[in-house]
Amino acid sequence: MTTLLSTREQTRARYPDEEGYAERDGVRVFWERYGEGEPTILLPPTWEIVHSRFWKCQIPYLARHTRVVTFDPRGNGRSDRPRDFDAYRRREFAADALAVLDAAGVDRAVAVTWCDMGESLILAAEHPERVAGLVLIGPPVSVYEREEEDYPFDSEPGTDEGWAKETHGYWLRDWPGYLEFFFSQCFTEPHSTKQVEDCVGWAMDTEMETILAGFRGWGTKQIDPAEVAALCPRVRCPVLVIHGTEDAQVDASVGADLAGELGGRLVLLEGAGHAPQGRDPVKVNTLVAEFAGLGGDGVAAPAPATRTWTRALRRPKRALYLSSPIGLGHARRDVAIARELRRQVPGLEIDWLAQDPVTRVLEAEGERIHPASAWLANESAHIESEAAEHDLHAFQAIRRMDEILIANFMVFHDVVREQPYDLWIGDEAWELDYYLHENPEEKRAAYVWLTDFVGWLPMPDGGEREAFLTADYNAEMIEHIGRFPRLRDRAVFVGNPGDIVPDRFGPGLPPIREWVEGHYDFAGYVTGFDPASLGDRAELRRRLGYRPDEQVCVVTVGGSGVGGHLLRRVIAAYPEARRLVPGLRMVVVAGPRIDPASLPAHDGLEVHAYVHGLYQHLAACDLAVVQGGLTTCMELAAAGRPFLYFPLAHHFEQNFHVAHRLRQYNAGRRMDFATATPEVIAAAVAAEIGRRVHYRPVETDGATKAASLIAELL
Amino acid sequence: MTLTTTAREQTRAIHPDQQGSIERDGVRVSWERYGSGEPALLLLPAWSIIHSRQWKAQIPYLARHYRVVTFDGRGNGRSDRPSVAEAYDDAEYVADAAAVLDATGTERAVLVGLSRGGRWAVELAAARPERVLGAVLIDPAIAFLAPPHPWWTYPFDEQLDTDEGWAKWNRHYWLRDYRGFVEFFASEVFPEPHSTKQIEDMVGWGLETTAETLVLTQLGSQPASREEMEAILGRVRCPVLVVHGDDDRLRPLAIGAAVAELTGGALVAIEGGGHCPQARHPVKVNLLIREFVESLGGTAR
């Protein structure tokens, strides 16, 4: 059977080390295994409305500590889809779990379940030798009779309101409408758009007919109270029940009663809904790790036999620097700030939690990269996978990075539990800022947030939905800051108030500039280098091997692999440009993530891979052709060189924030990739190359200012 | 340096829920019980230069979670000060510990021992495994496992022509200037800067007993060879956590490391810590004890 996933699966933070099928009575169930170690954690499915991806926030973290096995329910994901009711009884699910444990070679596991309809009770009671512990998240089963539904599944309520949607007739009329409703009842917390979308997407990975085959109402979906009552006393393993007090699907009293019946511990998550593993993943991850006894003091590996704790006054001052890993944009400025910070705070040690390609810059600069960096899931690769031809929907790409963000936050979380730091610095480290505000009790050091833009902005063609989503993200951020104003000890805007876009955060939300001026300090722009230090331009050209009579055009697309299409388009313009500009020398820098050999070759055209100190070439050139990324454009503005920039389509930051800032400096000529044929580009090159420009000077003391703001915390 | 100590005990954060004493061969040993949670923790005495108040920074915290039993080692506190050396054999302290467990109705306990108390904990765990859930050994005073510090060279029994430094580790000096010894010793126990209060406490407790009594404790018998000590450590079956300062001027960190290795236990080194981290770094030690006790439960509880 072929299963077509309705939407392309987003990049995972981690992929399975092993996968396979367990087959019972001709029904194949797909399982995955991640990581190694004991105890094994089994993450079984709930009913077939979703599949194993609903554990996406747990798998990368838990698998870093131990072996994790998950599987898709019969009826969804990559498992088979029988169409008879009996195939979906809970005993079948329990038997599937056993078959998966067998297939994966697991003797015994801690089962962590969500909305378990009885199968894990069967498993733990009847196969105690296979279950070392049981975590029940939002369990609906009870020893008490269920209240009758207001609308029995086969009834015709005469309304489509609320739970009337959970009827046979409505399903046939508007299946997606039911799913939207159903999952909105799973995630009652504000700002849960992504979690609802995910679940609806997973539900759409199977067919309504399959769900219908296994569903006749909740009374028969889960095991009955008599069976629960009979099984509970037979469950001998330790039990932890986690239940949200705002669970709109299953009242928290059900979980509390079940914990009582099982003699287990109960953790209530106040204000949480039915699926905290998706909405409060940090909390659920740490609860599961604690229950399963993973990793001692929260360390990344099993607790080492020897640990050292250093008396407070014996510790050197230490900062942990998280540099935004998308492309190379922030690496240079962060290195400049770090260097200045060490000058201002003698003895300061800085560790970097960073990933490729930022680590290439850090290595070249001799910076200290924390070994846990190796555990980070790569954001650049994800962004590249989200990009089309010179088109990157930056907002959606970051939204669809939620699994990577939580995985990387948990790496950070492990690092700072193991090693005390005086200060954490996050330069657009979204995972750090977001999950700290979601879990403020995890703050253990002074914390500085740096950014060069504030505000998610919708692209016009995203319509109402995107306008709603961006406003919702902004609203959550504003609420975070409003509720926990001391969490960011400093918020530093890399730029000036004039650089802030004139927009609002959204309908009913404040103007961005006004709000930022009230909540940020301004460092001015941080180029990461002083143009004056490059000395005489003629001398610089000589040093870089550019002759005085050459017209040098440098083409670069930053550090991510997104820019390949632009490079090819500009290379295609090269013959015409060379005809228009005698002596034109075009230098193409592919960057660390694009293979230079994949680009076409021309006489007189040079293609380089990564070039360290690229800013020197930008300062020496006669023209640059670049993407709309802030760092490169501002390096050119600072160097006073003419340049053409092509914002990526649908990239709100490049189209709005960066373009607005460049207008402040009167810098660069904006181009539109969609209409820029090679001829258009060649003509623009000819018009701009060597032109005298009149830019507003870019400040050169940004790193010093930023470091001064940070140093006060040390 | 002159230290003033007041005889009156300072206000406690909590007082025992129950106290009593056991008597063995005419020697009375006083115990206290705080709290009632599970499991029970037995906080052993150390050398009789101090008594059960050494745990004052642990008891209030641990007793909120667990049942905590302490007792004054024979030779100090409210326990008797027998006048013969044999009464201070290791075996007597270990037997006292077992008797206190019996008297307090404690079937099994996690042992927490500092310095000599760490050695007695090991001996009790080896001899009575059915009574011991786990052992936290803080800067354990276990000989032979690592070379002693170079300054630990003066003969204890001989008359010396100097009183400088570790020459004070000498019975004649103790009898001549007991206070001088206790002050010196306490200052070596706490090499961490800003330890005045901890030093004062120790001197105060030290002055509650006498030089004569401490001399007798030195004459009691204890394991006499590396082989004997390793055999005892090899019999320890329970989980072990060793906490040891890397600036311990009495017992080098290498001892703690060897104890952890020989018992298959974990080691937490306290960088910059001296011989008594439970007094100087109480938060860290409290949390380590708690974490250790919780780890004994885990999913198996």
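Residues numbered from 1 in each chain as written. Chains lettered and ligands numbered in written order. Predicted model: local features only at pLDDT ≥ 70, side-chain atom pairs only at ≥ 80, totals over all residues. Heavy atoms only, no water.

## Some points on the overall build of chain A
Part 1 of the argument: Across its full length, chain A holds 27 helices and 22 strands.
Part 2 of the argument: In terms of overall size, chain A behaves like a compact globule, its C-alpha atoms giving a radius of gyration of 28 Å where 714 residues would be expected to give roughly 27 Å.
Part 3 of the argument: Expressed along its principal axes, the backbone C-alpha trace of chain A runs to roughly 90 × 60 × 50 Å.
Part 4 of the argument: In chain A, of all internal contacts separated by at least 6 residues, the share reaching a separation of at least 24 is 73%.
Part 5 of the argument: Roughly 26600 Å² of accessible area belongs to chain A as shown, and the carbon and sulfur atoms make up 50% of that amount. (Helix = DSSP H or I, 4+ residues; strand = E, 2+ residues; numbered from the N terminus. Rg over C-alpha atoms; globule rule 2.2 N^0.38 Å. Contact = heavy atoms within 4.5 Å. Areas by Shrake-Rupley, 256 points an atom, 1.4 Å probe, with all protein chains shown as cover.)

## Here we look at the layout of surface pockets
Residues and elements named next belong to chain A.
Part 1 of the argument: In this structure, the second largest pocket spans a volume of roughly 870 Å³.
Part 2 of the argument: Around the second largest pocket, the lining comprises 30 residues; the ones closest to its centre are R146, E147, E149, Q249 and V250.
Part 3 of the argument: Those elements that provide at least two residues to the lining of the second largest pocket are α8 (218–221) and α10 (252–262).
Part 4 of the argument: Broken down by element, the lining of the second largest pocket gets its largest block of residues, three residues, from α10.
Part 5 of the argument: Residue classes in the lining of the second largest pocket are distributed as 14 nonpolar, six polar and ten charged. (1 Å grid on protein atoms, 1.4 Å probe; cavity = no way out; pocket = protein on both sides within 12 Å on 5 of 7 lines; lining within 4 Å. Points joined across faces, edges and corners; volume = space filled by probe spheres on them. Nonpolar A, V, L, I, M, F, W, Y, C, P; charged D, E, K, R; others polar.)

## Quick word on empty space enclosed by the protein
Residue and element names in this part refer to chain A.
Part 1 of the argument: Counted under the stated rule, the structure contains nine cavities of 30 Å³ or more.
Part 2 of the argument: Of the volumes computed, that of the second largest cavity is approximately 580 Å³.
Part 3 of the argument: Looking at the lining of the second largest cavity, the elements that each hand over two or more residues are α6 (193–203), α11 (276–279), α16 (394–399), α17 (402–418), α18 (430–438), β14 (446–451) and α19 (463–483).
Part 4 of the argument: With six residues, α19 is the largest single contributor of residues to the lining of the second largest cavity.
Part 5 of the argument: Grouping the amino acids of the lining of the second largest cavity by side-chain chemistry returns 13 nonpolar, eight polar and nine charged.

## What to know about the sheet that holds strand β1 (residues 18–24) of chain A
Note: strands within a sheet are paired through backbone hydrogen bonds, in either parallel or antiparallel orientation.
Residues and elements named next belong to chain A.
Part 1 of the argument: Ordered by their spatial adjacency, eight strands build an open sheet running β1-β2-β4-β3-β5-β6-β7-β8, and the pairing between neighbours is mixed. At either margin of the open sheet sits one strand with a lone partner, and together these are β1 and β8 (265–269). For this sheet the average axis-to-axis angle between neighbouring strands, irrespective of direction, equals 20°.
Part 2 of the argument: Pairing of strand β2 (residues 27–34) with strand β4 (residues 68–71) involves four bridges; the strand directions are antiparallel. Bridged to Y34 within β4 is V68. (Pairing = 2+ DSSP bridges. Axes fitted to C-alpha atoms, helices over the stretch in contact; angles between N-to-C directions.)

## Considering the interface of chain B and chain A
Part 1 of the argument: Across the boundary between the two partners, chain B contributes 21 residues, which contact 16 residues of chain A.
Part 2 of the argument: Taken over both partners, the interface formed by chain B and chain A buries close to 1500 Å², and the fraction arising from carbon and sulfur atoms is 52%.
Part 3 of the argument: At the junction of chain B with chain A, the criterion picks out one salt bridge.
Part 4 of the argument: Here B:E291 makes a salt bridge to A:R307, at a shortest N to O gap of 3.4 Å.
Part 5 of the argument: Our enumeration of links across chain B and chain A arrives at seven residue pairs in polar contact (both at pLDDT 80 or more).
Part 6 of the argument: Of all the secondary-structure elements, those providing two or more residues to the side of chain B that touches chain A are β8 (266–271) and α11 (282–297) of chain B.
Part 7 of the argument: At six residues, the largest contribution of residues to the side of chain B that touches chain A is made by β8(B).
Part 8 of the argument: Residue composition of the side of chain B that touches chain A, by class: eight nonpolar, six polar and seven charged.
Part 9 of the argument: Relative to β8(B), strand β9 (residues 306–310) of chain A runs parallel, the two being bridged by five bridges. Paired with A:R307 across the two strands is B:V268, which belongs to β8(B). (Buried area = accessible area lost by both parts, 1.4 Å probe. Salt bridge = Lys/Arg side-chain N within 4 Å of Asp/Glu carboxyl O. Polar contact = N/O pair within 3.5 Å; in protein donor to acceptor, adjacent residues only side chain to side chain.)

## Things to note about the nonpolar core
All names here are of chain A.
Part 1 of the argument: Residues F183 and W424 are the most contacted members of the largest nonpolar core, which totals 115 residues.
Part 2 of the argument: Here the element with the most residues in this core is α17; it accounts for ten residues.
Part 3 of the argument: Residues in contact with W424, not counting those within four places in the same chain, are L320, F412, V416, L432, L436, E442, K443, R444, A445, A446, Y447 and V448.
Part 4 of the argument: Judged by nonpolar contacts, the second largest core, of 67 residues, contains L341, A523, A703 and L714. (Core = buried A, V, L, I, M, F, W, Y, C linked by side-chain atoms within 4.5 Å. Buried < 20%, exposed > 50% of the residue type's maximum accessible area, 1.4 Å probe, protein only.)

## Brief notes about the pattern of salt bridges
Residues and elements named next belong to chain A.
Part 1 of the argument: Throughout the structure, instances matching the rule amount to 84 salt bridges over all chains.
Part 2 of the argument: Across the salt bridge formed by K194 and D402, the nearest N and O atoms sit 3.5 Å from each other. Placement of K194 in helix α6 and of D402 in helix α17 is noted, with a sequence separation of 208 residues between them. Side by side, K194 and D402 carry an identical accessibility label, which is buried.
Part 3 of the argument: Among the ionic contacts, a cluster of salt bridges with common partners joins R547, D549, E550, R585 and E606.

## Focus: the packing of helix α12 (residues 281–292) of chain A against α17(A)
All names here are of chain A.
Part 1 of the argument: As a packed pair, α12 and α17 sit with axes 11 Å apart at the nearest point and diverge in direction by 55°. Looking at the two axes, α12 sits oblique to α17. Relative to α17, the crossing made by α12 is right-handed. Residues P281, V282, N285 and T286 of α12 touch α17, and the partners they reach there are I406, F409, M410 and H413.
Part 2 of the argument: When its residues are assigned to classes, the contact of α12 with α17 shows five nonpolar, three polar and no charged. (Parallel < 35°, antiparallel > 145°, perpendicular 65-115°, else oblique. Left-handed = near helix turned anticlockwise from the far one by under 90°.)

## Examining α12(A)
All names here are of chain A.
Part 1 of the argument: Here α12 contains twelve residues, and its C-alpha end-to-end distance of 16 Å stays within 8% of the 16 Å for a straight helix at 1.5 Å per residue.
Part 2 of the argument: Restricting attention to buried positions, one finds in α12 the residues P281, V282, V284, N285, T286, L287, V288, A289, F291 and A292.
Part 3 of the argument: Once α12 finishes, G293 follows within two positions and takes phi at roughly 70°, a positive value. (Expected span 1.5 Å × (residues − 1).)

## A look at helix α27 (residues 702–711) of chain A
Residue and element names in this part refer to chain A.
Part 1 of the argument: Of all ten residues in α27, seven are buried; the element is thus mostly enclosed.
Part 2 of the argument: All of the buried residues in α27 are G702, A703, A706, A707, L709, I710 and A711.
Part 3 of the argument: Summarising the contacts, the buried residues of α27 are in contact with α13 (331–344), β13 (423–427), β14, β15 (490–493) and β16 (521–522).

## Structural notes on unusual backbone geometry
Part 1 of the argument: Here the bond from A:D356 into A:P357 is cis, since omega is 5°, no more than 30 degrees from zero.
Part 2 of the argument: Here A:P357 shows up in the loop between β11 (349–353) and α14 (358–364).
Part 3 of the argument: Backbone torsion omega between B:E38 and B:P39 reads 0°, so that peptide bond is classified as cis.
Part 4 of the argument: Along the chain, B:P39 turns up in the loop between β2 (27–34) and β3 (40–43).
Part 5 of the argument: For A:H191, which is not glycine, the phi dihedral falls at a positive 60°.

## Some points on the side chain of A:D116
Residue and element names in this part refer to chain A.
Part 1 of the argument: Structurally, D116 is set in the loop between β5 (109–114) and α3 (119–126).
Part 2 of the argument: Look at D116: it is buried, it has no salt bridge, and the nearest opposite charge is R90 at 6.3 Å.
Part 3 of the argument: Of the polar contacts made by the side chain of D116, one reaches the backbone nitrogen of G118; its length is 2.9 Å.
Part 4 of the argument: Looking at D116, its side chain comes within polar contact range of the side chain of S120, at 3.0 Å. (Lys, Arg positive; Asp, Glu negative; His and termini not counted.)

## Details of the state of the cysteines
Part 1 of the argument: Scanning all chains against the criterion turns up zero disulfides over all chains.
Part 2 of the argument: Here A:C115 stays unpaired: no disulfide links it, and the sulfur of A:C186, its closest cysteine neighbor, is 7.1 Å away. (Disulfide = S-S within 2.5 Å.)

## Some details on the packing of helix α24 (residues 630–639) of chain A against helix α25 (residues 652–665) of chain A
Geometrically, a packed helix pair is captured by the angle between its two axes and the distance between the axes.
Residue and element names in this part refer to chain A.
Part 1 of the argument: At a minimum axis separation of 11 Å, α24 and α25 run at an interaxial angle of 5°. It follows from the interaxial angle that α24 and α25 lie roughly parallel. On α25, the residues that touch L630, C633 and M634 of α24 are V658, R661, L662 and Y665.
Part 2 of the argument: By residue class, the composition of the contact of α24 with α25 is six nonpolar, no polar and one charged.

## Comments concerning the packing of aromatic side chains
Any aromatic ring pair is given by two values, namely how distant the centres are and how the planes are angled relative to each other.
Part 1 of the argument: If you walk through the whole model with that rule in mind, you get 54 aromatic pairs over all chains.
Part 2 of the argument: Aromatic pair A:F453 and A:W456: ring centres 6.2 Å apart, planes at 80°, arrangement edge-to-face. By the burial criterion, A:F453 is buried, and A:W456 matches it.
Part 3 of the argument: Relative to B:W174, the ring of B:F156 lies with its centre 4.9 Å away and its plane at 70°, an arrangement referred to as edge-to-face. On the criterion of sequence distance, the pair formed by B:F156 in the loop between β6 (132–138) and α4 (171–176) and B:W174 in helix α4 is long-range, its members being 18 residues apart.
Part 4 of the argument: Put simply, the rings of A:W47, A:F153, A:W163, A:W171, A:W175, A:Y178, A:F181, A:F182, A:F183, A:F215 and A:W218 pair up and form one aromatic cluster. (Phe/Tyr/Trp six-rings, centres within 6.5 Å; stacked < 30°, edge-to-face > 60°.)

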